[in-house]
Amino acid sequence: MSKKQLRIGMVGYGFMGRTHSNAFMQASRFFDLGYKPELSIVCARNRERAQAFADQWGYGGVETDWQKLVARNDIDLIDIAAPNDMHHDIAIAAAESGKMVMCEKPLGRTATESRAMVDAVRKAGVPNMVWYNYRRIPAVTHAKNLIDSGKLGRIFHYRAQFLQDWTISEDLPQGGEALWRLEKSVAGSGVTGDLLAHCIDTAMWLNGRIENVTAMTETFIKKRKHNLTGQIEKVRIDDASAFMARFRNGSLALFEATRFARGHKALYTFEINGENASLIWDLHDLHRLQFFDHHDEGTERGWRSIHVTDGEHPYMDKWWVPGLSIGYGESFIHQAADFIKGLDGDPATPTFADAHETDLVTDAVLKSAETGQWEKP
Ligand SMILES: NC(=O)c1ccc[n+]([C@@H]2O[C@H](COP(=O)([O-])OP(=O)(O)OC[C@H]3O[C@@H](n4cnc5c(N)ncnc54)[C@H](O)[C@@H]3O)[C@@H](O)[C@H]2O)c1
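Cut-offs and rules
- Residues numbered from 1 in each chain as written.
- Predicted model: local features only at pLDDT ≥ 70, side-chain atom pairs only at ≥ 80, totals over all residues.
- Pairing = 2+ DSSP bridges.
- Helix = DSSP H or I, 4+ residues; strand = E, 2+ residues; numbered from the N terminus.
- Axes fitted to C-alpha atoms, helices over the stretch in contact; angles between N-to-C directions.
- Parallel < 35°, antiparallel > 145°, perpendicular 65-115°, else oblique.
- Contact = placed C-beta atoms within 7 Å.
- Nonpolar A, V, L, I, M, F, W, Y, C, P; charged D, E, K, R; others polar.
- Expected span 1.5 Å × (residues − 1).
- Buried ≥ 20, exposed ≤ 12 C-beta atoms within 10 Å, placed from the backbone.
- Near = placed C-beta within 6 Å.
- Core = buried A, V, L, I, M, F, W, Y, C linked by C-beta atoms within 7 Å.
- Domains from an automatic or database assignment.
- Bend = angle between axes of the 7 residues up to and from the residue.

1. Describing the sheet that holds strand 13 (residues 267–274)
Line of reasoning, step 1. The mixed open sheet is built from eight strands, whose spatial order is 8-11-12-7-13-14-15-16. At either margin of the open sheet sits one strand with a lone partner, and together these are strand 8 (210–218) and strand 16 (304–307). Mean inter-strand twist for the sheet, computed between neighbouring axes without regard to direction, equals 15 degrees.
Line of reasoning, step 2. Pairing of strand 11 (residues 240–247) with strand 12 (residues 252–258), which is carried by seven bridges, proceeds in the antiparallel orientation. Counted as the bridge partner of Ala240 is Thr258 from strand 12.

If you want it as structure tokens, here you go:
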């Protein structure tokens, strides 16, 4: 059967530009899809660097202005792998020109921005998705399946952390290429929108909607040199953010993210405790799921470590043989494959509307840190 064309226009060739390009290239090799993704055009402001990326990854051409990319009639899907301040305008223009849109997280710098993006894709009726890729690490998907099967029973607690240590030095500047995450006007917020957004997306996928939150944030380094102005300027993003939450199902939660946890590079962990069973997952050991089942025989009861590499585990029948693990990059391949499968069936999630729910929670977290009150998303 001949496959339909899916011509991709990628905005950005940085960290995510690479993961997405790899995902589209590999998706149709490992998964049986009705479409064949084609790396058509990559867009970035610097033509030489964009061309070098296009040559390396096999893109057919480059654009240096995203508006020209969006206006082209030889592109089916716009994929936004650019910093957060670009998401809103590009996504809305892409939807208005009738193109499918995939966008990196957080969907908006604020929930107000992402609301407008949801409205635009709805009005245009175009397929859309946000790259909350951790859902598609097989051990995380397996956790979802175990929870949905009822094995854990009533849920009491959820805990998540995302710890890094790369901004501890006072000498690290803010702003400009590579350091846009430290500049509020570009990033929207600090670790709340960058790291906690991942934790919140996974949490609501596994455990349902969040009812309310109470939070604290801190900016440990108050002033940093700005890369673009050369001046010492106030830092307006949160370096650390922690919040308590109540889920609508009555369970309680603790969330924490920081870029000041010396020794941790990308330690994303979550734990969920139910009346019958508990689960723990850790990004540094991403193919394992720790599982405790109270229904096990008393003398043998204990935490077991499930090596999520069996053919019966999510996605794993498409990879090597049982016992051999896959990694971070494959979660993006799974997401691209699911998005493409969803074009001919039930749309894959998280859609823009789902990611907007996460933005509502991050907004509530930042508001609560200011007001000192419990806030509702
Ligand atoms: N899903 C995840 O796990 C994950 C991980 C990292 C980043 N992200 C998200 O991905 C997005 C990009 O982050 P990154 O780490 O790849 O950043 P990056 O700095 O590595 O790359 C950003 C890219 O955007 C391009 N760009 C900037 N301004 C542009 C413009 N005006 N027109 C065209 N291109 C432009 C840059 O040239 C660069 O190629 C952000 O929204 C970030 O939050 C998600």
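2. Regarding the packing of helix 6 (residues 138–148) against helix 8 (residues 191–207)
Line of reasoning, step 1. Packing of helix 6 against helix 8 brings their axes to within 9 Å, and their N-to-C directions diverge by 30 degrees. The orientation of helix 6 with respect to helix 8, classified from their angle, is roughly parallel. For the pair formed by helix 6 and helix 8, the contact residues are Val140, Ala143, Lys144 and Ile147 on the first element and Thr202, Trp205 and Leu206 on the second.
Line of reasoning, step 2. The class makeup of the residues in the contact of helix 6 with helix 8 is five nonpolar, one polar and one charged.

3. Brief notes about helix 9 (residues 328–342)
Line of reasoning, step 1. Over its 15 residues, helix 9 extends 22 Å from the first C-alpha to the last, a length consistent with the 21 Å expected when each residue adds 1.5 Å.
Line of reasoning, step 2. Of the residues making up helix 9, those classed as buried are Glu330, Ser331, Phe332, Ile333, His334, Gln335, Ala336, Ala337, Phe339 and Ile340.
Line of reasoning, step 3. For helix 9, the elements touching its buried residues are strand 1 (4–11), helix 1 (15–30), strand 2 (35–43), strand 5 (100–103) and strand 6 (128–130).

4. Overview of the site of the ligand
Line of reasoning, step 1. Close contacts around the ligand come from 22 residues, with Gly12, Gly14, Phe15, Met16 and Glu104 the closest.
Line of reasoning, step 2. At the level of secondary structure, the elements contributing two or more residues to the shell around the ligand comprise helix 1 and helix 4 (84–96).
Line of reasoning, step 3. Counting residues per element, the shell around the ligand draws most heavily on helix 1, at three residues.
Line of reasoning, step 4. For the shell around the ligand, the residue count by class is 13 nonpolar, five polar and four charged.

5. Some details on the nonpolar core
Line of reasoning, step 1. Counting 105 residues, the largest nonpolar core has Val11, Val42, Cys43, Ala91, Val101, Leu196 and Cys199 as its most contacted members.
Line of reasoning, step 2. Formed jointly, this core draws a minimum of three residues from each of two domains, domain 1 (4–133) and domain 2 (134–371).
Line of reasoning, step 3. Beyond its immediate sequence surroundings of up to four residues, Cys43 is in contact with Gly9, Met10, Val11, Ala50, Val62, Glu63, Thr64, Trp66 and Leu69.

6. Structural notes on unusual backbone geometry
With glycine set apart, most residues show a phi of negative sign, and most peptide bonds adopt trans.
Line of reasoning, step 1. Residue Pro106 is reached from Lys105 by a cis peptide bond, and omega for that bond is -10 degrees.
Line of reasoning, step 2. Position of Pro106 relative to the elements: it lies in the loop between strand 5 and helix 5 (111–124).
Line of reasoning, step 3. Looking along the chain, the bond that leaves Thr349 and enters Pro350 is cis, with omega of 5 degrees.
Line of reasoning, step 4. Mapped onto the secondary structure, Pro350 falls in the loop between helix 9 and helix 10 (352–371).
Line of reasoning, step 5. In this structure, Ala178 takes a positive phi of about 75 degrees despite not being glycine.
Line of reasoning, step 6. With respect to the helices and strands, the residue Ala178 is situated in the loop between strand 7 (155–163) and helix 7 (184–187).
Line of reasoning, step 7. For Tyr315, which is not glycine, the phi dihedral falls at a positive 70 degrees.

7. Focus on the pairing of strand 7
Line of reasoning, step 1. Examined bridge by bridge, strand 7 and strand 13 share eight bridges and lie antiparallel to one another. The residue bridging Gln161 from the neighbouring strand is Thr269, located in strand 13.
Line of reasoning, step 2. Of the pairings in the sheet, the one linking strand 7 to strand 12 comprises seven bridges and is parallel in character. Note that in strand 12 the partner of Leu163 across the bridge is Thr258.

8. Side note on helix 1
Line of reasoning, step 1. The end-to-end C-alpha distance of helix 1 is 22 Å, a good match for the 22 Å that 16 residues give at a rise of 1.5 Å each.
Line of reasoning, step 2. At Phe24, helix 1 shows its strongest bend, of approximately 25 degrees.
Line of reasoning, step 3. Residues of helix 1 that are buried make contact with strand 1, strand 2, helix 2 (47–57), strand 4 (77–80) and helix 9.

9. Description of the domain arrangement of the protein chain
Line of reasoning, step 1. The assigned domain composition of the protein chain is domain 1 (4–133) and domain 2 (134–371).
Line of reasoning, step 2. For domain 1 and domain 2, the distance between their C-alpha centres works out to 23 Å.
Line of reasoning, step 3. Every contact between the two is made by 37 residues of domain 1 and, on the other side, 39 residues of domain 2.
Line of reasoning, step 4. Put simply, the parts of the chain that give the side of domain 1 that touches domain 2 at least two residues each are helix 1, strand 2, helix 4, helix 5 and strand 6.
Line of reasoning, step 5. Looking at which element gives the most residues to the side of domain 1 that touches domain 2, the answer is helix 1, with eight residues.
Line of reasoning, step 6. Here the side of domain 1 that touches domain 2 is composed, by residue class, of 22 nonpolar, eleven polar and four charged.

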